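Observations on the model geometry
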Amino acid sequence: SYMKPDFILLNQRQLLKPFAKYVGTILVEASCWKLFCNADPDDECDCNLDLRFQDGSVLSFSIKEDGQSIVANPTSFDKPLWAVSDDTYQYEWQRLVLTKEGQWKSLVGQKLTQLESIILLWTENRQGQEIKHEALAGCRCVFEKGDYLIFTNGGDQAQWFLNQMPYHSELESGEMCLVPIC
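Just so you know, these numbers come straight off a predicted model, no measurement behind them. Sequence positions are assigned chain by chain, starting from 1 and proceeding in written order. In keeping with the predicted nature of the model, local features appear solely for residues at pLDDT of at least 70, side-chain atom pairs appear and are counted solely at 80 or more, and the whole-chain, interface and lining totals rest on all residues. Excluded from the side-chain calculations are hydrogens and water; all other atoms, namely the structure's heavy atoms, are used.

1. So, the overall build of the protein
- Secondary structure follows DSSP: runs of H or I at least 4 residues long count as helices, runs of E at least 2 residues long count as strands, and numbering of each begins at the N terminus. Each helix and strand counted, the protein has 2 helices and 11 strands in total.
- Start at the N end of the protein and walk to the C end: the helices and strands fall as α-β-β-β-β-β-β-β-β-β-β-α-β.
- Each principal axis of the C-alpha atoms in the protein carries an extent, and together these give about 55 × 45 × 30 Å.
- Each residue's exposure class comes from its accessible area (1.4 Å probe, protein chains only) as a fraction of the maximum for that residue type: buried when under 20%, exposed when over 50%, partly exposed otherwise. The proportion of buried residues among the 182 residues of the protein is 42%.
- A fraction of 62% describes how many contacts in the protein between residues 6 or more apart in sequence connect residues 24 or more apart.
- Accessible areas in this description were obtained via Shrake-Rupley with a 1.4 Å probe; residue shielding takes into account the shown protein chains only. Working note: accessible area of the protein is about 10,300 Å², and carbon and sulfur atoms make up 49% of it.
- Think of it this way: Lys and Arg go in the positive column, Asp and Glu in the negative one, and His and the chain ends go nowhere. We put the charge of a Lys on NZ, of an Arg on CZ, of an Asp on CG and of a Glu on CD. The distance from the centre of the 16 positive side-chain charges to the centre of the 26 negative ones in the protein is 9 Å. Here, residues are in contact when the closest pair of their heavy atoms is within 4.5 Å.

Here it is as structure tokens:
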């Protein structure tokens, strides 16, 4: 029998597995790079989210260029290189510490208790055969007081949500599923 699609499915669900060791660590900062145009933030251009923990470890999320997937890394996201300025528009990347204010502040000092993969599911019909596909569309980080953070690829744009689930209908319809990493 032909086993390759099963390997692909398994692979997408296992991508965040190396980060299971982060469970139990205490968050000290969440930050991102933000593009500013003439000193105003460009809300169309968020590219990453870095979570820094008390033990010095980092969990960095960024999007893939396929418009649906994300990537996780154990190192901070470097300042993006592209920012073209001209006589009219001055572009500049600035590091924003999200946990300095508002709701985000409550995450500081909380222990990460769970990581979940947000898996996008779809079926393709190729020559009369149904082929199932999956993509790692996001990650949910759950903290000890019940707060949770979601990082996702919103179609070529990084998006994050604090204590908000953007995919209620997709989870109900089976277009997406949450897979605990540990």
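Continuing now.
2. A closer look at the sheet that holds strand E10 (residues 158-162)
- Between any two strands, at least two bridges found by DSSP are needed for them to pair. With antiparallel pairing, 5 strands are arranged side by side in an open sheet as E10-E9-E8-E7-E11. Of all the strands in the sheet, just E10 and strand E11 (176-180) have a single pairing partner and so form its edges. On average, adjacent strands in this sheet sit at an angle of 25 degrees to one another, irrespective of strand direction.
- Inspection of the sheet shows strand E7 (residues 112-126) paired to strand E8 (residues 129-143) by 14 bridges, in the antiparallel sense. Within E8, the residue paired with Ile 119 across the bridge is Leu 136. Interaxial angles span 0 to 180 degrees and are taken between N-to-C directions of axes, which are lines fitted to C-alpha atoms, for helices over the stretch in contact.

3. Considerations on the packing of aromatic side chains
- Any two rings among Phe, Tyr and Trp, with Trp reduced to its six-membered ring, count as a pair given centres within 6.5 Å; such a pair is stacked if its planes are under 30 degrees apart, edge-to-face if over 60, and tilted if neither. Within this structure, the stated rule accounts for 5 aromatic pairs.
- Seen in terms of ring centroids, Tyr 22 and Phe 53 are 5.7 Å apart; in terms of plane orientation they differ by 80 degrees. Their pairing is edge-to-face. Of this pair, Tyr 22 sits in the loop between helix H1 (4-14) and strand E1 (27-37) while Phe 53 sits in strand E3 (residues 48-53), and the two are 31 residues apart along the sequence.
- Its relative accessible area of 4% is what places Tyr 22 among the buried residues.

4. Describing the nonpolar core
- Here the nonpolar core consists of buried residues drawn from Ala, Val, Leu, Ile, Met, Phe, Trp, Tyr and Cys, with membership extended through side-chain atoms lying within 4.5 Å. Among the nonpolar cores identified, the biggest contains 31 residues, and Leu 51, Leu 59, Phe 61 and Cys 141 are the most heavily contacted of them.
- Of the residues forming this core, the biggest block, 4 residues, is contributed by E8.
- Sequence-distant contacts of Leu 51, defined by excluding residues within four places in its chain, comprise Leu 27, Glu 29, Ala 30, Ser 57, Val 58, Leu 59, Phe 61, Cys 141 and Leu 149.
- Grouped together as the second largest cluster of nonpolar side chains are 11 residues, Ile 150, Phe 161, Met 165 and Tyr 167 included.

5. Some thoughts on the environment of Gln 114
- Assignment of secondary structure puts Gln 114 in strand E7.
- Sequence spacing of Gln 114 and Ala 83 is 31 residues, and the spatial spacing of their C-alpha atoms is 36 Å.
- The residues touching Gln 114, leaving out its near neighbours within four places in the chain, are Val 23, Arg 140, Cys 141, Val 142 and Pro 180.
- A distance of 3.4 Å separates polar atoms of two side chains, one belonging to Gln 114 and the other to Glu 116. Identification of polar contacts relies on pairs of N or O atoms within 3.5 Å, with a donor-acceptor requirement for protein atoms, meaning one able to donate a hydrogen and the other able to accept it, and with residues adjacent in sequence counted only if both atoms are side-chain atoms.

6. Some details on the environment of Ile 131
- You can see Ile 131 is positioned in strand E8.
- For the pair Ile 131 and Cys 32, spaced 99 residues apart in the sequence, the C-alpha separation amounts to 37 Å.
- Excluding residues that lie within four positions of it along the chain, Ile 131 makes contacts with Trp 122, Thr 123, Glu 124 and Arg 126.

7. Here we look at the confidence of the model for the protein
- pLDDT measures how confident the predictor is about each residue, on a scale from 0 to 100. The predicted model of the protein has a mean per-residue pLDDT of 88, with 93% of residues at 70 or higher.
- Contacts for the low-pLDDT stretch residues 1-9, under 50 throughout, to residues beyond four places or in other chains number 3 contacts.

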